Amino acid sequence: MSAHFICSKLFREHARTRTRPYATVKVAAENGKFALESFLKQERLENVFLWQGEDVIQLLIDHHGFTTTTFNHSETYCLKTKATKSYDRVETFSSVTMATVIGDFNLEMETDTWELPHEDFSLPPEPTRTFALMSNMRTLRAENWHTIIELYLLYAMEAADGHPLTILHDELTISILREINREDMLLERVSYTGTLAFVVGHSAKGNEIPKDTPLLAVEAKRSATFEKALAQAIAQASSMLCLRREKKRAHGDYRTYWICSDGERWVMGFVRPDGDSIKYGHTSTHSSQITKRFKENTCAKIYSMLGVLDRDAQPSTFGRNSFSNSLASPSSIFSTGSSSLSDSSSSPSSSDPEQGSVFPDSLRCLLDQIPSVL
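As the structure is a prediction and not an experimental result, all values here were calculated from the model.

Considering all chains together, one arrives at ten salt bridges under this definition. When the shortest N-O distance is used, the salt bridge between Glu46 and Lys82 registers 3.9 Å. Taken as a pair, Glu46 in strand E4 (residues 45-52) and Lys82 in strand E6 (residues 76-83) lie far apart in primary sequence, 36 residues in all. A residue is classified by how much of its surface remains accessible, and Lys82, at 29% relative accessible area, is partly exposed. Residue Arg272 is joined to Glu110 by a salt bridge in which the shortest nitrogen-to-oxygen separation is 2.3 Å. Residue Arg272 is located in strand E13 (residues 265-274), and its partner Glu110 is located in the loop between strand E8 (107-109) and helix H3 (125-137); the two are separated by 162 residues in the primary sequence. Of the residues examined, Arg272 reaches a relative accessible area of 15% and is grouped as buried. We classify Glu110 as partly exposed; its relative accessible area is 34%. Several salt bridges share partner residues, and in doing so they unite Arg89, Glu91, Asp104 and Glu188 into one network.

Structure follows, in structure tokens:
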């Protein structure tokens, strides 16, 4: 047997002209037949086709891994290639089922009774008035519920941070590839992809946002079942956890928190790695009443819970430990009967024009736009 190389110009599967090959390679060959099997693996290709004139002929592999076609090593050949798929299955967040998420991420429920603490206290005056107006004077549509969820998150972030340490982003698209070892010892590659309604992190750079997101929220469409949205939230949180571990953002626990809400019903939870599996837990469903008759105390309870959740998630956005023990005994960040984190003697009062308003400018700008939304 004589070993040599065959020079080939590689073109994409749908190329129409031979003027621009994407690569020129020398393929190892023996007796005029090149090692097609090893070439396919090396180049991550599914098929290779010989392109001669108008004819495109698929190259076949013999039982030794070489082509069945013989080539002249003194000539250069044009080959069309078909890349192998980088995945075996695609799952979108909007349509994935809970059973599929459990199987793909090896999920195990950690606790059936996880709840965040909440206290009975008043909302800040601005969201209280806004929610009351929405309840009394407006028929709420889908875009209004999106705004309501956003307002809840912004106010809770303001309360938990004290100053803007975290950033709220919306409509963020992510995609991850999961490699899953099945019982039959085959490796299945699954692509999880879709758009996240809200993510909370500290990065303002588009490509850095997913790596630094320890808290996300799913907007449950009121026309769909709430259980379907729960599966979507857990799938997104599990995907984000895997992405953060891959990028080595945060140390230790990589705990990632999630929220699922349609604007009135709220479920909050977490995922965390545990060896080869992912543990998860979530609260029961809590309600805040805005339609029909606005009830401030129900909205205040949600506001408190969101603040606690955001506070517990914050440290992992800065590369520190992701609160591996915080969920065992989370504490409320609020003082009973007060909507401010600071001592009242040093905080500006919303009723005192000399001191200014506690209402942040960023939220005032958002509320200025609400009449156009409504």
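Counting residues in hydrophobic clusters, the biggest one holds 39 residues, and the most contacted among them are Phe131, Tyr152, Ile259, Met268 and Leu306. Mapped by element, the contributors of at least two residues to this core are H3, helix H4 (142-161), strand E10 (187-201), strand E11 (215-219), strand E12 (256-261), E13 and helix H6 (296-313). If sequence neighbours within four positions are ignored, Leu306 has contacts with Tyr152, Leu153, Ala156, Ile259, Trp266 and Met268. By size, the runner-up hydrophobic cluster in this structure holds 34 residues, among which are Val101, Ala220, Ile278 and Tyr280.

We now examine helix H2 (residues 98-105). Within H2 the residues assigned to the buried category are Val101, Asp104 and Phe105. Viewed end-on, H2 has its buried residues packed into an arc of 80°, placing them on one side of the element.

This next bit is on the environment of Arg18. Along the polypeptide, Arg18 turns up in the loop between strand E1 (3-12) and strand E2 (23-30). Taking relative accessible area as the criterion, Arg18 reaches 35% and is therefore assigned partly exposed. Each C-alpha atom of the pair Arg18 and Cys78 lies 7.8 Å from the other, and the pair is 60 residues apart in sequence. When residues no more than four places from it in sequence are discounted, the contact partners of Arg18 are Phe11, Trp51, Gln52, Gly53 and Cys78. Separated by 2.6 Å, the side chain of Arg18 and the backbone oxygen of Gly53 make a polar contact.

Put simply, H2 and helix H5 (residues 226-246) touch, their axes get as near as 9 Å, and they point 20° apart. Considering their axes alone, H2 and H5 lie roughly parallel with respect to each other. Between H2 and H5 the crossing geometry is left-handed. Between H2, through Met98, Val101 and Phe105, and H5, the contact on the second element is made entirely by Ala231, Ile234, Ala235, Ser238, Ser239 and Cys242. When the residues that make up the contact of H2 with H5 are grouped by side-chain class, the tally is seven nonpolar, two polar and no charged.

What follows is about the side chain of Asp104. Assignment of secondary structure puts Asp104 in helix H2. According to the relative accessible area criterion, Asp104 is buried, its value standing at 4%. A polar contact of 2.9 Å, which involves the side chain of Asp104, links it to the side chain of Arg89. If we ignore the near neighbours within four places in the chain, the residues touching Asp104 are Arg89, Glu91, Arg178, Ile180, Arg182, Val190 and Tyr192.

Rules used in this analysis
Residues numbered from 1 in each chain as written. Predicted model: local features only at pLDDT ≥ 70, side-chain atom pairs only at ≥ 80, totals over all residues. Heavy atoms only, no water. Salt bridge = Lys/Arg side-chain N within 4 Å of Asp/Glu carboxyl O. Helix = DSSP H or I, 4+ residues; strand = E, 2+ residues; numbered from the N terminus. Buried < 20%, exposed > 50% of the residue type's maximum accessible area, 1.4 Å probe, protein only. Core = buried A, V, L, I, M, F, W, Y, C linked by side-chain atoms within 4.5 Å. Contact = heavy atoms within 4.5 Å. Arc of directions from axis to C-beta. Polar contact = N/O pair within 3.5 Å; in protein donor to acceptor, adjacent residues only side chain to side chain. Axes fitted to C-alpha atoms, helices over the stretch in contact; angles between N-to-C directions. Parallel < 35°, antiparallel > 145°, perpendicular 65-115°, else oblique. Left-handed = near helix turned anticlockwise from the far one by under 90°. Nonpolar A, V, L, I, M, F, W, Y, C, P; charged D, E, K, R; others polar.

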